[in-house]
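# Report on the structure
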Amino acid sequence: MFKGSYVALVTPFRNGAVDFDTLKKLVDWHVAEGTHGLVPVGTTGESPTLSHEEHGRVIEEVVKAAAGRVPVIAGAGSNNTAEGIALIRHAERAGADAALVVTPYYNKPTQRGLIAHFTAMHDACTLPIIIYHIPGRSVVDMTPETMGELAKLPRIVGVKDATGKIERVSQQRIACGRDFIQLSGEDATALGFNAHGGTGCISVTANVAPRLCAEFQEATLAGDFARALDYQDRLMPLHEAIFIEPGLCGAKYGLSRLGLCAEEVRSPLTTLLPETRARIDAAMRHAGLVN
């Protein structure tokens, strides 16, 4: 259902406000460049600093701009179950194709609490749900066994796995079944992730190199890992450089170098240091994105 290169879409700003005109242009550019799907208002979309009104409108505008050309997986996560239910119901009303729901951060629920949270989100709407598993940010680690329990629910269809642990793909195939969708949430290890049975990536680098990321994914899904390795060699310096500072800051800088989006981010994030910009410039040249 969901496979290939899905971009963890940035939210462009201009003078402190969401720049909806640029957002629509980015959607059209991604479709033209071959991106397989869009993921607005995840953490790369600066969801922590968007108001509820902004969050909702970004989803609405991305769905409208995509116009059914590619799927939209809307960010709908919260560490407050009631708030998450409100977000996922809005995503459903807006016409999203699925929802990305992060494991609750900061309050450190038990595995039993994770099952309760995701079951409540599942029961609140009819959208397919992708679990966003990122213990490095949310602190809690959902075990493969817990994910297997959740996979029994009909609309919990997959995971965005940002653990960086390649072995999790195999463990989750056993726990959740081979039809459970596994998307990498970690660009640098996406090659190995798909070799273990993954079907794609929700990618930060795809903001800057959408065509390369899409072609890389297509190569892995065709089983052409020799060709995929060539793409990996081109993209690896960019994967690394974008994440020297928070990835969305690197992605926005890369987009600014392409003339597609301002660098502007919201506090507490900041624009990049000169030495980080230089590393991204060099990586973009290495990938053939700029001269």
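Note: the structure precedes this text.
So, here is what we can say about the structure in this document. Throughout this document, residue positions are counted from 1 along each chain, in the order its sequence is written. Local features in this predicted model are restricted to residues whose pLDDT is 70 or higher, and side-chain atom pairs enter the listing and the counts only when it is 80 or higher, whereas totals over whole chains, interfaces and linings include all residues. The side-chain figures draw on all heavy atoms in the structure; neither hydrogens nor water molecules are used.

This brings us to the sheet that holds strand E5 (residues 73-75). Strands belonging to one sheet form pairs held by backbone hydrogen bonds; the direction of such a pair is parallel or antiparallel. At least two DSSP bridges between two strands are required for those strands to pair. Helix and strand assignments follow DSSP, with helices taken as H or I runs no shorter than four residues and strands as E runs no shorter than two, numbered in order from the N terminus. Pairing is parallel across the open sheet formed by eight strands, whose spatial order is E4-E1-E10-E9-E8-E7-E6-E5. Both outer strands of the open sheet, strand E4 (37-39) and E5, are each paired with one neighbouring strand and no more. Ignoring which end each strand starts from, the neighbouring axes of this sheet average 30 degrees apart. Inspection of the sheet shows E5 paired to strand E6 (residues 98-102) by three bridges, in the parallel sense. Note on E6: the bridge partner recorded for alanine 74 is alanine 99. Helix axes are fitted to C-alpha atoms over the stretch in contact, other axes to C-alpha atoms as well, and angles between N-to-C directions run from 0 to 180 degrees.

Within the element layout of this structure, proline 210 appears in helix H9 (residues 210-221). Burial classes follow relative accessibility: with a 1.4 Å probe on protein chains only, a residue under 20% of its type's maximum area counts as buried, one over 50% as exposed, and anything between as partly exposed. A relative accessible area of 1% places proline 210 in the buried class. Residues proline 210 and tryptophan 29, spaced 181 residues apart in sequence, show a C-alpha to C-alpha distance of 8.9 Å. Contact definition: two residues touch when any of their heavy atoms are within 4.5 Å. Those residues in contact with proline 210, other than ones at most four positions away along the chain, are Trp29, His30, Glu33 and Thr35.

Our next topic: the packing of helix H2 (residues 52-66) against helix H3 (residues 81-94). Packing of H2 against H3 leaves a shortest axis separation of 9 Å and a crossing angle of 30 degrees. Classed by the angle they form, the pair H2 and H3 counts as roughly parallel. In terms of crossing hand, the pair formed by H2 and H3 is right-handed. Contact residues: H2 offers His52, His55, Gly56, Ile59, Glu60 and Val63, while H3 offers Glu83, Leu87, His90 and Ala94. Residues are grouped as follows: Ala, Val, Leu, Ile, Met, Phe, Trp, Tyr, Cys and Pro are nonpolar; Asp, Glu, Lys and Arg are charged; all remaining types, including Gly, are polar. In the contact of H2 with H3, the residues fall into four nonpolar, four polar and two charged. Should an angle lie under 35 degrees it is considered roughly parallel, over 145 roughly antiparallel, and from 65 to 115 roughly perpendicular; all remaining angles are considered oblique. Crossings are sorted by hand: turned counterclockwise from the far helix by less than a right angle, the near helix makes the crossing left-handed, and turned clockwise it makes it right-handed.

Here we take up the pattern of salt bridges. Counted as salt bridges are all cases of a side-chain nitrogen of Lys or Arg within 4 Å of a carboxyl oxygen of Asp or Glu. Summed over all chains, the structure comprises 13 salt bridges. With its nearest N and O atoms 2.6 Å apart, the salt bridge here joins lysine 252 to glutamate 46. Of this pair, lysine 252 sits in helix H11 (residues 247-257) while glutamate 46 sits in the loop between E4 and H2, placing them 206 residues apart in sequence. The class of lysine 252 is buried, set by a relative accessible area of 0%. With a shortest N-O distance of 4.0 Å, lysine 64 and glutamate 61 are connected by a salt bridge. Here lysine 64 pairs with glutamate 61, and both are found in helix H2, just three residues apart, close to one helical turn. What you see here is one network of salt bridges that share partners, running through Lys24, Arg57, Glu61 and Lys64.

The subject of this paragraph is unusual backbone geometry. Negative phi characterises most residues that are not glycine, and trans characterises most peptide bonds. Residue proline 268 is bonded to the preceding serine 267 through a cis peptide linkage, with omega at 15 degrees. You can see proline 268 is positioned in the loop between H11 and helix H12 (274-287). Phi at glutamate 46 is positive, roughly 60 degrees, even though this residue is not glycine. Here glutamate 46 falls in the buried class, since its relative accessible area comes to 2%. Even without being glycine, tyrosine 106 reaches a positive phi, approximately 75 degrees. Along the chain, the position of tyrosine 106 falls in the loop between E6 and helix H4 (111-123).

Turning next to the packing of aromatic side chains. Aromatic contacts are taken between Phe, Tyr and Trp rings whose centres are within 6.5 Å, Trp giving its six-membered ring; a plane angle under 30 degrees counts as stacked, one over 60 as edge-to-face, and the others as tilted. What the rule picks out here adds up to one aromatic pair. Ring geometry for phenylalanine 2 and tyrosine 6: centres 6.2 Å apart, planes at 80 degrees, overall edge-to-face. The pair phenylalanine 2 / tyrosine 6 is uniform in exposure class, with both members buried. One Lys or Arg, arginine 57, reaches over the ring of phenylalanine 20 and ends 3.8 Å from the middle of that ring. The criterion is that NZ of a Lys, or CZ of an Arg, lies within 6 Å of the ring centre and within 35 degrees of the ring normal, and then a charge sits over that ring.

Because the α-helix completes a turn every 3.6 residues, residues three or four places apart line up on one side. Any helix carries an expected span of 1.5 Å times its number of residues minus one. For H12, built from 14 residues, the straight-helix expectation of 20 Å at 1.5 Å per residue is met to within 8% by its first-to-last C-alpha distance of 20 Å. For H12, the complete set of buried residues consists of Thr276, Ile280, Asp281, Ala283, Met284 and Ala287. Looking down the long axis of H12, one finds its buried residues gathered within 165 degrees of arc, a one-sided arrangement. Those residues of H12 that are exposed and aimed more than 90 degrees away from the buried face are Pro274 and Glu275. Those residues of H12 hidden inside the fold are in contact with H9, helix H10 (225-242) and H11. Following H12 by one or two positions, glycine 288 adopts a phi angle in the positive range, close to 80 degrees. Here, the arc refers to the directions that run from the helix axis to the C-beta atoms.

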